[in-house]
Amino acid sequence: MTTDLPRLEISTILGSAHDDLHDAVHALEHRGRVEWIDIPQADAARKRLRATTDKRRDCLIALPRSATLVDGAVLHMTDDLAVVLRVDSGARLVLVPHDLQSALRLGHWCGNLHWKVDFGPGSMTVLLDGPEERYRERLRDLETLAGFHIREESAEEAEA
Amino acid sequence: MTAARIGIGGPVGSGKTALIERLLAEFASIGIEVAVITNDLVTDEDAERLRRGGQLPPERILAVQAGACPHTVIREDPTLNMAAADRLEARFPQLQLIMIESGGDNLASTFSLDLVDWWMFVIDVAGGDDIPRKRGPGVLQSDLLVVNKSDIAPHVGVDFDAMMAEARAVRNGRPALATSCRQGSGIAEVVEHLRREVLFS
Ligand SMILES: Nc1nc2c(ncn2[C@@H]2O[C@H](COP(=O)(O)OP(=O)(O)O)[C@@H](O)[C@H]2O)c(=O)[nH]1
Ligand SMILES: [Mg+2]
């Protein structure tokens, strides 16, 4: 449910609260004049979505195709109000194969499941789009065919 | 505002093209500028059907041939569809909505959000009332689930209300709507939903 706070129409990303607009956002935060929109990583690829701030303000986001919703994106900025995006990148599983043969199997397996992955040195990170258990179930099927483990990330690693 | 891009997926014969035909009539009546991209295996069958229907100028209907499993061009490598959408946008700057129909696929098919901003999955009663229970990714992850052909539920031994309740249950409260593209019922609700969630008009 939204409140009767005036609705915002957002058609560009103005900057980043982590970077060029850091000080401006920070100043407004001191006055309690920053509203946040939280979205999961899976939604960040959308160019158009209807979202609600933490103060339950209705926001109609329609970006050009070239823009990307990233963590810290400043979507609205006046002397009196900033709206900043927070992207929850939490949901991921880091898979570490134990040998070359297993790495090939693992890659082929995840590819066949059409999972979204990022490659790191010696590991492959699966970006989850749905409940983690659904992914772990599929990986259990692979255990007899390949040697690998799921690396438990510390909170800091997940941040980075 | 750039045109919204929406996906319409679902099994072969569930009524994706029929739904598009119904939506085109509604959008025409409320003055929303639309174009369509169809995906077929190795033909332009659906695009030809829509062009014959005459609801849109033929050049607003593009066909992309998947050549292989239809999901490849909406998820694994959507570049052909993205290029088609870019072409439509460049040619018709007034567009507000581009609808992309996937070639009929299985219950695991999903759209990449690199291609569309929002997508719906169309199933129908004749495919069996156990489809929602099978919890396919298309059924679970779509922004809207449409259960079509409500008109023939009695003829295929489907308790329609129970099927809708089950569909809503597996989706954890995310929306599911019932339609009959044959009779035209439920179409207004789909339009209403699209206007609120995607078109903002
Ligand atoms: N009875 C009935 N038939 C429908 C309905 N919607 C579509 N159909 C029929 O189902 C068949 C497949 O429809 P189509 O739109 O081509 O499905 P698609 O493969 O998903 O695009 C056609 O013969 C349609 O006339 C409906 O709501 N009720
Ligand atoms: Mg079709």
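Counting restarts for each chain, with residues numbered from 1 along the sequence as it is written. Each chain gets a letter, beginning with A, and each ligand a number, beginning with 1, in the order they are written. Thresholds applied to this predicted model are a pLDDT of at least 70 for local features of residues and 80 or more for the giving and counting of side-chain atom pairs; totals over whole chains, interfaces and linings are not thresholded and use all residues. Side-chain measures here rest on the full set of heavy atoms in the structure, leaving out hydrogens and waters.

Where an unreviewed UniProt entry is consulted, chain B appears under the name Urease accessory protein UreG, with the organism given as Pseudodonghicola flavimaris. UniProt positions are given in the numbering used here, feature names are shortened, and annotations may be inferred rather than shown by experiment. According to UniProt, the comment filed for chain B under the heading Subunit (unreviewed entry) is "Homodimer. UreD, UreF and UreG form a complex that acts as a GTP-hydrolysis-dependent molecular chaperone, activating the urease apoprotein by helping to assemble the nickel containing metallocenter of UreC. The UreE protein probably delivers the nickel."

Under an unreviewed UniProt entry, the name given to chain A is Urease accessory protein UreE, and the organism recorded is Pseudodonghicola flavimaris.

## Digging into the pairing of strand 6 (residues 144-148) of chain B
Residues and elements named next belong to chain B. Per-residue accessibility, obtained with a 1.4 Å probe over protein chains only, is compared with the maximum for each type, and a residue is labelled buried under 20%, exposed over 50%, and partly exposed between these values. Only DSSP runs of H or I reaching four residues or more are called helices, and only runs of E reaching two or more are called strands; each is numbered from the N terminus. For strand 6, a buried count of five out of five residues is recorded, marking the element as mostly surrounded by other parts of the structure. Residue alternation in strand 6 divides its side chains into two sets, Leu 144, Val 146 and Asn 148 and Leu 145 and Val 147, and both sets are buried. Judged from the five bridges that link them, strand 5 (residues 118-124) and strand 6 form a sheet pairing that is parallel. Residue pairing in the sheet places Phe 121 in a bridge with Leu 145 of strand 6. In this description, strands pair whenever DSSP reports at least two bridges between them. Bridge count between strand 6 and strand 7 (residues 176-178): three bridges; the pairing is parallel. Residue pairing across strands places Val 146 opposite Leu 177, the latter belonging to strand 7. The definition of a right-handed crossover adopted here requires that, viewed with the strands pointing away, the path from the first strand over the helix to the second runs clockwise. This β-α-β element, strand 6 to helix 5 (residues 160-170) to strand 7, shows right-handed connectivity.

## Points about the site of ligand 1
Residue and element names in this part refer to chain B. The full set close to ligand 1 counts 17 residues, and Lys 16, Ala 18, Arg 49, Asp 151 and Cys 181 are the nearest of them. One of the backbone N or O atoms of Ser 14 is found 3.3 Å from an oxygen atom in ligand 1. Between a nitrogen atom of ligand 1 and a side-chain N or O atom of Asn 148, the distance comes to 3.0 Å. Using the Shrake-Rupley algorithm and a 1.4 Å probe, accessible areas are obtained, with residue cover drawn only from the displayed protein chains. Summarising the interface, the protein chains cover 75% of the accessible area of ligand 1, which totals 580 Å² for the free molecule. The biggest single contributor to the shell around ligand 1 is helix 1 (residues 16-30), with three residues. Think of it this way: one heavy atom of a residue within 4 Å of a molecule or strand is enough to make that residue near it. Each polar contact in these results corresponds to two N or O atoms within 3.5 Å; when the atoms are within protein, one needs to be able to donate a hydrogen and the other to accept it, and residues that are neighboring in sequence are counted only if both atoms are side-chain atoms.

## Side note on the UniProt feature "domain: CobW/HypB/UreG nucleotide-binding" (unreviewed entry) in chain B
Per the UniProt record, "domain: CobW/HypB/UreG nucleotide-binding" (unreviewed entry) is annotated on residues 6-175 of chain B. Helix makes up 31% of residues 6-175 of chain B and strand 19%, and the two end C-alpha atoms of the span are 16 Å apart.

## Topic: the sheet that holds strand 6 (residues 73-77) of chain A
Residue and element names in this part refer to chain A. The four strands are arranged 2-6-7-3 in an open sheet whose pairing can be described as mixed. A single partner strand is all that each edge strand has here, and the edge strands are strand 2 (15-16) and strand 3 (34-40). Taken together, the seven bridges between strand 3 and strand 7 (residues 82-88) define a ladder with parallel strand orientation. Bridge pairing links Val 34 to Ala 82 in strand 7.

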